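Okay, here's what each chain looks like letter by letter:
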Amino acid sequence: MLTKRKDCVTMLLAGGQGSRLYVLTNKIAKPAVPFGGKYRIIDYALSNCVNSGFDTVGVLTQYQPLLLNEYIGNGQPWDLDRLNGGVNILPPYQKSNGSDWYTGTANAVYQNIHFIERYNPDNVLILSGDHIYKMNYAKMLDFHKEKEADCTIAVIDVPIEETGRFGILNTYDTGEIYEFEEKPKQPKSTKASMGIYIFKWHVLKKYLQEDACDPKSSNDFGKNVLPNMLKCGEKMFAYSFKGYWKDVGTIESLWQANMDLLVEDTLDRNSEWKIYSRSMEKPPHFVSEDAQIKNSIVTEGCEIYGRVENSVLFPGVAVKEGAFVKDSVIMAETIIGEGSAVNYSILDEQVEIGEKCIVGRDRTEAEGITVIARSVNVKSHSNIDSNVMIENDVI
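Per chain, residues are indexed from 1 in the order of the written sequence. Selection of residues for local features in this predicted model requires a pLDDT of at least 70, selection of side-chain atom pairs for listing and counting requires 80 or more, and totals for whole chains, interfaces and linings are taken over all residues. For side-chain calculations, the full set of non-hydrogen atoms in the structure is used, while hydrogens and water are omitted.

**A closer look at the overall build of the protein chain**
Stage number 1. To qualify as a helix, a DSSP run of H or I must reach at least 4 residues; to qualify as a strand, a run of E must reach at least 2; elements of each kind are numbered from the N terminus. Looking only at helices and strands, the protein chain features 8 helices and 33 strands.
Stage number 2. In this treatment the radius of gyration is a C-alpha quantity, and the globule benchmark scales as 2.2 Å times the residue count to the 0.38 power. For the protein chain, whose C-alpha radius of gyration is 22 Å, the value lies close to the compact-globule estimate of 21 Å for 395 residues.
Stage number 3. C-alpha atoms of the protein chain, sized along the principal axes, occupy 65 × 50 × 40 Å.
Stage number 4. Between buried and exposed lies partly exposed: a residue is buried under 20% and exposed over 50% of the maximum accessible area for its type, with that area taken using a 1.4 Å probe on protein chains only. By the burial criterion, 54% of the 395 residues in the protein chain qualify as buried.

**Here we look at the packing of aromatic side chains**
Stage number 1. Working definition: a ring pair exists when centres of Phe, Tyr or Trp rings (six-membered ring for Trp) sit within 6.5 Å. Plane angles under 30 degrees give stacked, over 60 give edge-to-face, the rest tilted. Here the structure, examined in full by the defined rule, presents 16 aromatic pairs.
Stage number 2. Centroid distance Phe115 to Tyr119: 5.6 Å. Interplanar angle 70°. Geometry classified as edge-to-face.
Stage number 3. On the accessibility criterion, Tyr119 (2% relative accessible area) is buried.
Stage number 4. Taken together, the aromatic side chains of Phe54, Tyr133, Tyr137 and Phe241 make up a single cluster linked through ring pairs.

**Quick look at the nonpolar core**
Stage number 1. Note on terminology: a nonpolar core comprises buried Ala, Val, Leu, Ile, Met, Phe, Trp, Tyr and Cys residues joined through side-chain atoms within 4.5 Å. Counting residues in each nonpolar core, the largest one holds 95 residues, and the members touching the most others are Met135, Ile346 and Ile372.
Stage number 2. Contacts: residue pairs with any heavy atoms within 4.5 Å of one another. Those residues within four positions of Ile346 in sequence are excluded, and the remaining contacts are Leu24, Ile251, Leu254, Trp255, Val329, Met331, Ile369, Thr370, Val371 and Ile372.
Stage number 3. Grouped together as the second largest cluster of nonpolar side chains are 34 residues, Leu13, Ile113, Ile153 and Ala238 included.

**Considerations on unusual backbone geometry**
Stage number 1. The phi torsion at Tyr22 lies on the positive side, around 50°, for a residue other than glycine.
Stage number 2. Tracing the sequence through the fold places Tyr22 in the loop between strand E1 (8-13) and strand E2 (34-35).
Stage number 3. Using a relative accessible area of 47% as the deciding quantity, one classes Tyr22 as partly exposed.
Stage number 4. With a phi angle near 60°, Asp79 is a residue other than glycine that sits in the positive phi range.
Stage number 5. Examined against the element boundaries, Asp79 turns out to sit in the loop between helix H2 (66-72) and strand E5 (86-89).

**Some details on the pattern of salt bridges**
Stage number 1. A carboxyl oxygen of Asp or Glu within 4 Å of a side-chain nitrogen of Lys or Arg is what we treat as a salt bridge. Tallied over the entire structure, the rule returns 17 salt bridges.
Stage number 2. In this structure, Lys242 and Asp157 form a salt bridge, with 3.9 Å as the shortest nitrogen-oxygen distance. With Lys242 in the loop between strand E14 (236-240) and strand E15 (245-247) and Asp157 in strand E10 (residues 151-157), this residue pair connects regions lying 85 residues apart in the sequence.
Stage number 3. A single network of salt bridges, built from pairs that share partners, joins Lys6, Asp55, Asp79 and Arg82.

**A short note on the packing of helix H6 (residues 201-212) against helix H7 (residues 221-231)**
Stage number 1. Where H6 contacts H7, the two axes come as close as 10 Å, and the packing angle between them is 120°. Classified by the interaxial angle, the pair formed by H6 and H7 is oblique. For the pair H6 and H7, the crossing hand works out as right-handed. Where H6 abuts H7, its residues Val203, Leu204, Tyr207, Leu208 and Asp211 lie against Phe221, Asn224, Val225, Asn228 and Met229. The axes are straight lines fitted to the C-alpha atoms, using for helices just the contacting stretch, and the angles between their N-to-C directions are given from 0 to 180°. For classification, angles of less than 35 degrees are called roughly parallel, those exceeding 145 degrees roughly antiparallel, those between 65 and 115 degrees roughly perpendicular, and all remaining angles oblique. Take the far helix as the reference: if the near one is turned anticlockwise from it by less than a right angle, the crossing is left-handed, and if turned clockwise, right-handed.

**Concerning the sheet that holds strand E29 (residues 358-359)**
Stage number 1. Across the sheet, which stays open at both edges, the 6 strands sit in the order E17-E20-E23-E26-E29-E32 with parallel pairing between neighbours. Bordering the open sheet on either side are strand E17 (292-294) and strand E32 (383-384), each of which pairs with just one other strand. At least two DSSP bridges between two strands are needed for those strands to be called paired.

**Observations concerning the side chain of Ser277**
Stage number 1. Along the chain, Ser277 falls in the loop between helix H8 (251-260) and strand E16 (286-287).
Stage number 2. Any pair of N or O atoms that falls within 3.5 Å is considered a polar contact. Within protein, one atom must be able to donate a hydrogen and the other to accept it, and sequence-neighbouring residues count only if both atoms are side-chain atoms. A polar contact is formed between the side chain of Ser277 and the backbone oxygen of Lys38, at a distance of 3.2 Å.
Stage number 3. Polar side-chain contacts of Ser277 include one of 3.0 Å to the side chain of Ser279.
Stage number 4. Ignoring anything within four residues of it in the chain, the contact list for Ser277 reads Lys38, Tyr39, Asp43, Tyr71, Pro77 and Trp78.

**A closer look at the environment of Gly164**
Stage number 1. Position of Gly164 relative to the elements: it lies in the loop between E10 and strand E11 (167-171).
Stage number 2. Look at Gly164 and you get partly exposed, because its relative accessible area is 37%.
Stage number 3. Residues Gly164 and Pro284, spaced 120 residues apart in sequence, show a C-alpha to C-alpha distance of 45 Å.
Stage number 4. Those residues in contact with Gly164, other than ones at most four positions away along the chain, are Lys183 and Pro184.

**Remarks on H7**
Stage number 1. Those residues of H7 lying buried are Phe221, Asn224, Val225, Leu226, Met229 and Leu230.
Stage number 2. Two residues or fewer after H7 comes Gly233, characterised by a positive phi angle close to 80°.

**Details of the pairing of strand E4 (residues 56-60)**
Stage number 1. Burial runs high along E4: 5 of the 5 residues are buried.
Stage number 2. Across 4 bridges, E1 lies against E4 in parallel orientation. Bridge assignment links Met11 to a residue of E4, and that residue is Gly58.
Stage number 3. Relative to E5, E4 is paired through 4 bridges, and the arrangement is parallel. Counted as the bridge partner of Thr56 is Gly86 from E5.
Stage number 4. Crossover handedness for the path E4 to H2 to E5: right-handed. Here the term right-handed applies to a crossover when the path leading from its first strand over the helix to its second strand runs clockwise, the strands being oriented away from the viewer.

**Thoughts on helix H5 (residues 137-146)**
Stage number 1. Residues of H5 that are buried include every one of Tyr137, Met140, Leu141, Phe143 and His144, and no others. For H5, the buried positions fall inside an angular range of 160° around the axis, keeping them on one side. Exposed side of H5, more than 90 degrees from the buried face: Lys139 and Glu146 are the residues found there.
Stage number 2. Taken from the residues just after H5, Glu148 is the one with a positive phi, measuring 50°. As used here, the arc belongs to the directions running from the helix axis to the C-beta atoms.

Honestly, it's all geometry; don't read function into it.
In structure tokens:
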């Protein structure tokens, strides 16, 4: 089939294990982790693409890809079921000279050069599938073209005390990058890389090929490809992003990003920039006369008989009589038994909490977030402390 030439092709990196999310990613890739009551993390990048007019997306999967592949399907929920372009799942595959896992972010794109060249693009957009934000990539592409840049990197200003967690870009007043600093102790700027890049394709292809031939390389964009381009004098610019952006790579950041949704206008919930998802088919939620709900997201199919405060509840969650959920993220089809209390916790899908249990502690007293893995059953009258990871039934 002939393919139509594209101005820009998107490569979405979604193969990460997400080891810092521990039991939440034992069986699924990090971009497939549920978020915000009705989404999965990858919904944000995919929705940003279609809202920006970018209709050709390669999703590079590797770790535990089954659920993610099934979830994306033909891309219809994001309007990416196209004859020319659309969404394409790109796992590692058997080649004539053997089979290789993706060894790094740059290597993953390198192994799919043939996919990009089907569309003969001028530019390639590289994204990570594990960030929460709303961004118009078309504006970034316009900036990239205006500067005639070989590479444009999206940056966000971070507090100076947090620069040690990020790759920091130092720029001239024009926005041109003159230096990279990886997690600096004494930063020269507060411009943190967001892991979003636009390259001229012919330039990127050259550096990917050179990187693949370097046995000492870790085949990573941030560690290898970008520093090499800067060292060789390529024209590189920083594109400043203003708005909410969160890397949800840890338990704490995932919990906080969910809580941020409860703050009005954090992610501009009422804007036309819609986030699309493959939603579960559920009836409307039910709230009994005696139930109490305060500052929470309660989605379709939930049944609330107890109290819910400052929490995010996914479809099909049941909070039984006398139960209390506070400062928590409760994922789909989870049941909180009668008289039980859940505080400062993340409960994965299909968890069942028995009667009169205590899970976690009040946020002001707790040392950390309690996490319970998918399909775990907690027997009645159990007491689970704060900052605990539970991946087996509690009997």
